[in-house]
Amino acid sequence: MSATTIPPVTAPRLEIRNMVRAFGGTRVVDDVSLKVMPGQVTCLLGPSGCGKSTTLRMIAGVEMQDSGEIYVDGQLICDTVFRIPPERRHIGLMFQDFALFPHLTVGDNVAFGLSGSKAEKRARVEELLDKVGLRRFIDGYPYLLSGGEQQRVALARALAPRPKIMLMDEPFSGLDNRLRDDIRDQTLELLKAEDAAVLLVTHEPEEAMRMADEIALMRRGKIVQQGAPYNIYNAPKDRQAVAFFSDINVICGKVQGALCETPFGQFLAPGVADGGEVDIVIRPQHLKIEFDRNGKGPEPTPQNGVAARGEVVRARFMGSESLVEIRMDYDGSVLKATVPNVFLPQVGRPLWLMFRRDRCFVFPRESA
Ligand SMILES: Nc1ncnc2c1ncn2[C@@H]1O[C@H](COP(=O)(O)OP(=O)(O)O)[C@@H](O)[C@H]1O
Ligand SMILES: [Mg+2]
């Protein structure tokens, strides 16, 4: 791509600022701001009920915000006074239950929102059906298609009028697992090729990791963290942010002189006052399992700290990894460790666990 085709500063394709929506006195969307650049996929990720769909509906214009502004390409399209109606926002929508019209052919479904001459429409419909690999069904009816194929047609229909922005609300949740992966990948390719800015809502971390250039993690109406998937996963903001993506193990401790003493050795807790409590959080795949040698574990190391002893309470094979649960001698709590491939130690067998220092997170204790 030559430098002349890229403007020096690109306004976000979509920007929302300080969006608020309350129902019955409860703010279900509470001061949400975010930007989506052209050609980028941002995932609004959070548990059910946290306000994702309400945010999307306000952007689409089918729900009105109590306060806040929406901009497209730097132009205000909606605040509490001024409001461009939904049909003039150049926004494409795709929802899980966004059904095709059963009485129209696949081609006519895709052509539905198009204007222009018959030939122009036909060309655009053929182009999109080609891209989703369903051109051969152009004159067929939706009932001939599988669920996944119908989903692809719905995507083609949403993209046909070249929307500047695509809003997708859990669009894949009606599909079964293996099909879903393929369709996600194809969808992503097509969205990128069409250069739309995409805001995709999901409650599934795997889906967000797979689809997103950027993830906005939402909780109780607020965006708690935003960034590239890698950063959200590896530099989570708090204990709940770690737990949203995977199982976690938590060790609690008290801080003295910016250090926290635990059965796994000392952990740094910078910025925590003496006597303050911390949660040391680590994912099961980052616990290190060591064998017992005549009642002894391995020597301490700077990377992995001190080993603590426990006994196996359960071991299960999960397909690509094994999950081993270990009851710790020091307080009887059970920690979870995963190991690649097959590792199924017998119940009651002694093992030693170490904490990978570069993979654990130390957070000030949250009041539950
Ligand atoms: N029209 C409405 N009237 C009253 N409460 C609503 C309305 N729409 C959504 N809510 C409530 O707002 C909260 C957020 O809903 P929603 O945005 O659909 O969450 P999500 O999509 O993250 O699951 C929920 O508690 C829901 O019950
Ligand atoms: Mg929803």
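Reading guide: rules and limits
- Note on numbering: residues in each chain are counted from 1, in written sequence order.
- Both sets of labels track the order of writing: A upward for chains, 1 upward for ligands.
- Reporting in this predicted model follows two pLDDT cut-offs: at least 70 for local features of residues, and 80 or more for side-chain atom pairs to be given and counted; totals over whole chains, interfaces and linings ignore these cut-offs and use all residues.
- In these notes, a nonpolar core means any group of buried Ala, Val, Leu, Ile, Met, Phe, Trp, Tyr and Cys residues linked to one another through C-beta atoms within 7 Å.
- We call a residue exposed when 12 or fewer other C-beta atoms sit within 10 Å of its C-beta, buried when the count reaches 20 or more, and partly exposed for counts in between; the C-beta positions come from the backbone.
- Numbering of helices and strands runs from the N terminus, with a helix taken as a DSSP run of H or I at least four residues long and a strand as a DSSP run of E at least two residues long.
- Whether two residues are in contact is decided by their C-beta atoms, placed from the backbone, lying within 7 Å.
- To decide whether a residue is near a molecule or strand, its C-beta atom is placed from the backbone and checked for lying within 6 Å of it.
- Side-chain classes follow a simple rule in which Ala, Val, Leu, Ile, Met, Phe, Trp, Tyr, Cys and Pro form the nonpolar group, Asp, Glu, Lys and Arg form the charged group, and the remainder, Gly included, forms the polar group.
- Strands were regarded as paired on the criterion that DSSP finds at least two bridges between them.
- Axis definition: a line fitted to C-alpha atoms, limited for helices to the stretch in contact. Angles are taken between N-to-C directions and run from 0 to 180 degrees.
- Domains are outlined according to an automatic or database domain assignment.
- UniProt positions are given in the numbering used here, feature names are shortened, and annotations may be inferred rather than shown by experiment.
- For a helix, the expected span equals 1.5 Å multiplied by the residue count minus one.
- The arc refers to the directions leading from the helix axis to the C-beta atoms.

A.B. asks: Report on the nonpolar core, specifying residues and quantitative values.
C.D. replies: C43, V110, A156, M166, L167, V198 and L199 are the most contacted members of the largest nonpolar core, which totals 58 residues. No other element matches the 6 residues that helix 4 (residues 147–159) contributes to this core. If we skip the residues at most four places from it in the chain, V110 touches V125, L128, L129, V153, A156, R157 and A160. With 24 residues, the next largest nonpolar core counts F267, V272, I280 and F355 among its residues.

A.B. asks: If you had to explain the site of ligand 1 to someone new, which residues and values would you point to?
C.D. replies: Around ligand 1, the neighbouring residues are F23, V28, G46, S48, G49, C50, G51, K52, S53 and T54. Examining the composition of the shell around ligand 1, we find that 3 residues originate from one element, helix 1 (residues 52–60), more than from any other. Taken together, the residues of the shell around ligand 1 sort by class into 3 nonpolar, 6 polar and 1 charged.

A.B. asks: I'd like to hear about the sheet that holds strand 8 (residues 197–202), residue by residue, with values.
C.D. replies: Strand order in the open sheet made by the 6 strands is 6-7-8-3-9-10, with mixed pairing throughout. Unpaired on one side and paired on the other, strand 6 (91–95) and strand 10 (222–227) mark the two borders of the sheet. Taking each pair of neighbouring strands and ignoring which way they run, the sheet shows an average axis angle of 15 degrees. In this structure, strand 7 (residues 165–169) lies alongside strand 8, joined through 5 bridges in parallel fashion. What sits directly across from D169, in strand 8, is V201. Those strands touched by helix 4 are strand 6 and strand 7, and its axis lies near 165 degrees from that of strand 6.

A.B. asks: Can you explain the domain arrangement of the chain? Please cite residues and give values.
C.D. replies: Where interface size is given, it is often the accessible area lost as the parts come together that is meant. On domain assignment, one finds that the chain holds domain 1 (7–243) and domain 2 (247–364). For domain 1 and domain 2, the distance between their C-alpha centroids amounts to 40 Å. Between domain 1 and domain 2, the contact holds 5 residues from the first and 5 residues from the second. Of the residues contributing to the side of domain 1 that touches domain 2, the split by class is 3 nonpolar, no polar and 2 charged.

A.B. asks: Hey, could you go over the UniProt feature "domain: ABC transporter" (unreviewed entry) in the chain for me, with residue numbers and the actual values?
C.D. replies: Under the UniProt annotation, the feature "domain: ABC transporter" (unreviewed entry) is placed at residues 14–245. For the annotated span residues 14–245, helix accounts for 34% and strand for 28% of the residues, and the straight-line distance between the end C-alpha atoms is 27 Å.

A.B. asks: Can you break down the environment of P163 residue by residue, with the values?
C.D. replies: By secondary structure assignment, the location of P163 is in the loop between helix 4 and strand 7. A sequence separation of 32 residues divides P163 from D195, and the C-alpha atoms of the two residues are 9.3 Å apart. Apart from the residues lying within four places of it in its own chain, the contact partners of P163 are H90, I91, G92 and A196.

A.B. asks: Explain unusual backbone geometry residue by residue, including any values.
C.D. replies: One non-glycine residue, D31, lies in positive phi territory at about 65 degrees. Its location among the elements puts D31 in strand 2 (residues 26–36). Of note in the backbone geometry, N294 takes a positive phi value of approximately 50 degrees without being a glycine. Relative to the assigned elements, N294 resides in the loop between strand 15 (287–291) and strand 16 (308–317).

A.B. asks: Account for helix 3 (residues 118–131), with residues named and values stated.
C.D. replies: Relative to the 20 Å expected for 14 residues at 1.5 Å per residue, helix 3 spans 20 Å between its end C-alpha atoms, a close match to the ideal helical length. What helix 3 keeps buried is the set V125, L128 and L129. Across the axial projection of helix 3, the buried residues extend over an arc of 100 degrees, all falling on one side. Exposed and facing more than 90 degrees away from the buried side of helix 3 are A119, E120, A123 and D130. Where helix 3 is buried, its residues meet helix 2 (106–111) and helix 4. Just beyond helix 3, the residue with positive phi is G133, at close to 70 degrees.

A.B. asks: How would you explain the pairing of strand 10 if you had to name every residue and give the values?
C.D. replies: Walk down a regular strand and you will see the side chains alternate between the two sheet faces. When strand 9 (residues 214–219) meets strand 10, the two strands line up antiparallel, connected through 5 bridges. If you follow M218 over to strand 10, its bridge partner there is I223.

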